[in-house]
Amino acid sequence: MAHLQFDTAEQADLRATAREEFPHNPALAYVLESLASEGIDLDGCRDWEDLRVEAGLPERDSENHVA
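In this report, we go over the structure that sits alongside the text.

1. Observations concerning the overall build of the chain
On a plain count of helices and strands, the chain comes out with three helices and two strands. Along the chain, from the amino end to the carboxyl end, the secondary structure elements read β-α-α-β-α. The buried share of the chain, taken over its 67 residues, is 15%. Counting only contacts in the chain whose residues sit at least 6 apart along the sequence, the fraction spanning at least 24 positions is 52%. A total accessible area of about 5400 Å² is found for the chain, and carbon and sulfur atoms account for 55% of it.

2. Regarding helix α3 (residues 48-55)
At the N-terminal end of α3, a side-chain oxygen is found 3.2 Å from the backbone nitrogen of E49, two or three residues along, and the residue is D47. One or two residues past the end of α3 sits G56, with phi positive at roughly 75°.

3. Observations concerning the nonpolar core
If you look at the biggest cluster of nonpolar residues, it comprises six residues: F6, L14, A18, A29, L32 and A36. Within the residue set of this core, elements represented by two or more residues are α1 (8-21) and α2 (26-38). If one sorts the elements of this core by residue count, α2 sits on top with three residues. Here L14 is in contact with F6, L32, L35 and A36, once residues within four sequence places are set aside.

Cut-offs applied
- Each chain has its residues counted from 1, running along the sequence as written.
- Where local features are concerned, this predicted model is filtered to residues with pLDDT of at least 70; where side-chain atom pairs are given and counted, the filter is 80 or more; whole-chain, interface and lining totals use all residues.
- Note that water and hydrogens are dropped before the side-chain values are worked out from all heavy atoms of the structure.
- Helix numbers and strand numbers start at the N terminus; a helix is a DSSP run of H or I with at least 4 residues, a strand a run of E with at least 2.
- The buried label applies to any residue whose accessible area, calculated with a 1.4 Å probe on protein chains only, is under 20% of its type's maximum; exposed applies above 50%, and partly exposed to all values in between.
- The contact rule is simple, with two residues in contact once any of their heavy atoms fall within 4.5 Å.
- Per-residue accessibility takes into account occlusion by the displayed protein chains alone, with areas from the Shrake-Rupley method and a 1.4 Å probe.
- Pairs of N or O atoms are called polar contacts if they sit within 3.5 Å, as long as, within protein, a hydrogen donor faces a hydrogen acceptor (for residues adjacent in sequence, only side-chain-to-side-chain pairs).
- To qualify as a nonpolar core, a set must consist of buried Ala, Val, Leu, Ile, Met, Phe, Trp, Tyr and Cys residues joined through side-chain atoms within 4.5 Å.

The structure is reproduced here in structure tokens:
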């Protein structure tokens, strides 16, 4: 299982940003704190292609690209 864990300095930065964001955006603060403490399970991540297929969107090319 692939798992991304932040080092101590990165965790401190994420937590500092979470404290700054909490009054205005508590949901973002929660996510940042969770990232700092738990890291990211890379096996559970989906990329754009997964999301595109699930949503039934066409492949991205020069004709379908919206600038």
